[in-house]
Amino acid sequence: MNVKNADCSQVNKDNYKNYVYTHIIPYFANYKLCEIHEDDCQRFLNKYVGYSKANVSKIRMTLRRVLRKAQKQKLIGENPAEDIVLPQVTVGKRRPITDEERTLILNQVPNHYAGTMVLTMLCCGLRPAEIRRMKWDWIDFNNSILTVGKSKTKAGTGRKIPIPPQLKSALIEHKLKGQNDKWIFVRYKNHQLPLDENAFYHAWHNFCKEMDIANGATVYRNQITKSTLAPDLEPYLLRHTFCTDCQAAGVPLNVAKELMGHSDISVTAKIYTHMVDEVFEQNRKRLAEYANQKEQKAVNE
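Nothing here was measured: the structure is a model prediction, and the numbers come from that model.

Asks: If you had to explain the overall build of the chain to someone new, which residues and values would you point to?
Replies: When helices and strands are tallied, the chain shows 12 helices and 5 strands. When the backbone C-alpha atoms are referred to their principal axes, the chain occupies close to 90 × 40 × 40 Å. Counting across all 301 residues of the chain, residues that qualify as buried make up 41%. Relative to all contacts within the chain whose residues are 6 or more apart in sequence, the contacts with residues 24 or more apart total 60%.

Right, dumping it as structure tokens:
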């Protein structure tokens with residue numbers, strides 16, 4: 001399990017250790033290597049129904065690599081994870097949330113323990129990993145600025161993001177709860193620990209569940225049997241929405257690149273090309289006004 005000297009980035013090393021120690025080891029802790037069968041591996045992967053395809057694929061890849069190493073060292077005869085398949089997952093098709101989804105989210109924010117976390121993603125466009133690492137010393141309440149202390153990229157680390165008034169108020173109220181002096185968002189059952197990936201997704205799914213119920217979902221024995229939410233609603237859509245909000249607000253592309261923490265402006269540009277109706281209407285009016293000005297100038301001359 002030692003990846004210290006592996007030929008890959010520190011981010012990949014951290015991710016690998018997270019998959020191994022947060023996901024794989026806790027599940028298979030009571031198994032002997034020789035007792036792990038394909039059905040066990042498939043049941044393990046099936047726990048991640050509804051998670052993003054990218055995340056579940058990485059967990060599967062890590063499990064395969066771990067067991068492939070055990071096979072190479074002749075600790076097992078065959079790799080039981082070699083042929084396991086992905087469960088029903090969320091395909092990472094990025095889109096901004098709809099106006100209706102935004103209203104549902106904002107209505108649920110004050111009623112849920114993860115509301116401030118969700119609002120931060122929506123207002124600041126943070127990646128899930130950045131949300132999990134958020135510390136109080138990232139926040140400058142006097143100047144309403146969030147400075148990302150650690151991101152997965154150099155471009156993301158150290159970037160400054162303005163905090164809108166509604167988020168500032170929510171963060172102040174969250175801080176007054178005194179859950180943790182260091183970490184902003186902590187685990188629901190243990191406020192001494194920051195969010196790990198599992199705790200983050202548990203909070204997100206619980207937020208969506210309560211939002212769904214409030215919106216009229218059909219529930220039987222505390223389980224939703226008929227949802228009102230889009231099946232592709234996932235945390236990363238809030239980051240995508242922040243970017244399209246920047247576009248709608250007229251934020252220049254190069255500035256949006258810095259706010260998003262993209263290392264390549266082409267990544268930001270791909271999102272900006274998804275022109276929302278509001279942006280189209282703004283630019284239609286600008287073009288009409290410009291043409292009118294030109295026409296008036298020509299007439300006057």
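Alright, that's what it looks like, and here's the rest.
Asks: Any chance you could break down the pattern of salt bridges for me, citing the residues and the numbers?
Replies: Using the criterion set out here, one finds 9 salt bridges in the structure. A salt bridge links Asp 245 to Arg 102; the nearest nitrogen and oxygen atoms lie 2.9 Å apart. Of this pair, Asp 245 sits in helix 9 (residues 236-248) while Arg 102 sits in helix 4 (residues 99-108), and the two are 143 residues apart along the sequence. Overall, the relative accessible area of 27% leaves Asp 245 in the partly exposed class. On the accessibility criterion, Arg 102 (22% relative accessible area) is partly exposed. Measuring nitrogen to oxygen at the nearest pair gives 3.2 Å for the salt bridge that ties Lys 257 to Glu 258. What makes Glu 258 partly exposed here is its relative accessible area of 45%. Overlapping salt bridges bring together Arg 95, Glu 101 and Asp 232 as one network.

Asks: How would you sum up the nonpolar core? Please name residues and give values.
Replies: Of all hydrophobic cores here, the largest spans 65 residues; its most connected members are Leu 63, Met 117, Met 134 and Leu 146. Sorting elements by how many residues they give to this core places helix 8 (residues 197-214) first, with 8 residues. Excluding residues within four positions of it along the chain, Leu 63 makes contact with Ile 24, Phe 28, Cys 41, Phe 44, Ala 81 and Ile 84.

Asks: Can you explain the pairing of strand 5 (residues 223-226)? Please cite residues and give values.
Replies: Pairing of strand 4 (residues 218-220) with strand 5 involves 3 bridges; the strand directions are antiparallel. Across the sheet, the residue bridging to Val 219 is Ile 224, located in strand 5. Between strand 4 and strand 5, which pair antiparallel in sequence order, lie 2 residues; one of them, Arg 221, sits at a positive phi of approximately 55 degrees.

Asks: So what's going on with helix 10 (residues 253-260)? Residues and values would help.
Replies: Considered for burial, the residues of helix 10 that qualify are Ala 256, Lys 257, Leu 259 and Met 260. Buried residues of helix 10, viewed axially, fall in a sector of 165 degrees; they line one side. Looking at the buried residues of helix 10, the elements they touch are strand 3 (160-162), helix 9 and helix 11 (265-272).

Asks: Kindly report on the side chain of Thr 120, identifying the contributing residues and their values.
Replies: Residue position: Thr 120 is located in helix 5 (residues 115-124). For Thr 120, a relative accessible area of 0% puts it in the buried group. Within the structure, Thr 120 has its side chain in polar contact with the backbone oxygen of Thr 116 (distance 2.7 Å). Once you skip the residues sitting within four places of it in the chain, Thr 120 turns out to touch Gly 125, Leu 126, Ile 131, Met 134, Leu 146, Leu 167, Leu 171 and Phe 185.

Asks: Outline the packing of helix 5 against helix 9, listing residues and values.
Replies: Contact pair helix 5 / helix 9: the axes reach a minimum separation of 6 Å and the direction vectors enclose 35 degrees. Only Leu 238, Arg 239, Thr 241 and Phe 242 of helix 9 make contact with helix 5, whose side of the interface consists of Val 118, Met 121, Leu 122, Cys 123 and Cys 124. For the contact of helix 5 with helix 9, a count of residues per class yields 7 nonpolar, 1 polar and 1 charged.

Asks: Break down the packing of aromatic side chains for me, with residues and values.
Replies: Per the counting criterion, the structure on display carries 9 aromatic pairs. With centroids separated by 5.3 Å and ring planes inclined at 55 degrees, the aromatic side chains of Phe 28 and Phe 44 adopt a geometry described as tilted. A residue pair is termed long-range when its members are at least 10 positions apart, and Phe 28 in helix 1 (residues 10-28) and Phe 44 in helix 2 (residues 38-46) qualify at 16 residues. When the centroid spacing of 6.4 Å and the interplanar angle of 15 degrees are considered together, the rings of Trp 204 and Phe 207 count as stacked. A residue pair is termed a helical-turn pair when its members lie 3 or 4 positions apart in one helix, as Trp 204 and Phe 207 do in helix 8 at 3 residues. Grouping residues by exposure puts Trp 204 and Phe 207 together as buried. One aromatic cluster is present, formed by Tyr 27, Phe 28, Tyr 31, Phe 44 and Tyr 48 through successive ring pairs.

Analysis parameters
Residues numbered from 1 in each chain as written. Predicted model: local features only at pLDDT ≥ 70, side-chain atom pairs only at ≥ 80, totals over all residues. Heavy atoms only, no water. Helix = DSSP H or I, 4+ residues; strand = E, 2+ residues; numbered from the N terminus. Buried < 20%, exposed > 50% of the residue type's maximum accessible area, 1.4 Å probe, protein only. Contact = heavy atoms within 4.5 Å. Salt bridge = Lys/Arg side-chain N within 4 Å of Asp/Glu carboxyl O. Core = buried A, V, L, I, M, F, W, Y, C linked by side-chain atoms within 4.5 Å. Pairing = 2+ DSSP bridges. Arc of directions from axis to C-beta. Polar contact = N/O pair within 3.5 Å; in protein donor to acceptor, adjacent residues only side chain to side chain. Axes fitted to C-alpha atoms, helices over the stretch in contact; angles between N-to-C directions. Nonpolar A, V, L, I, M, F, W, Y, C, P; charged D, E, K, R; others polar. Phe/Tyr/Trp six-rings, centres within 6.5 Å; stacked < 30°, edge-to-face > 60°.

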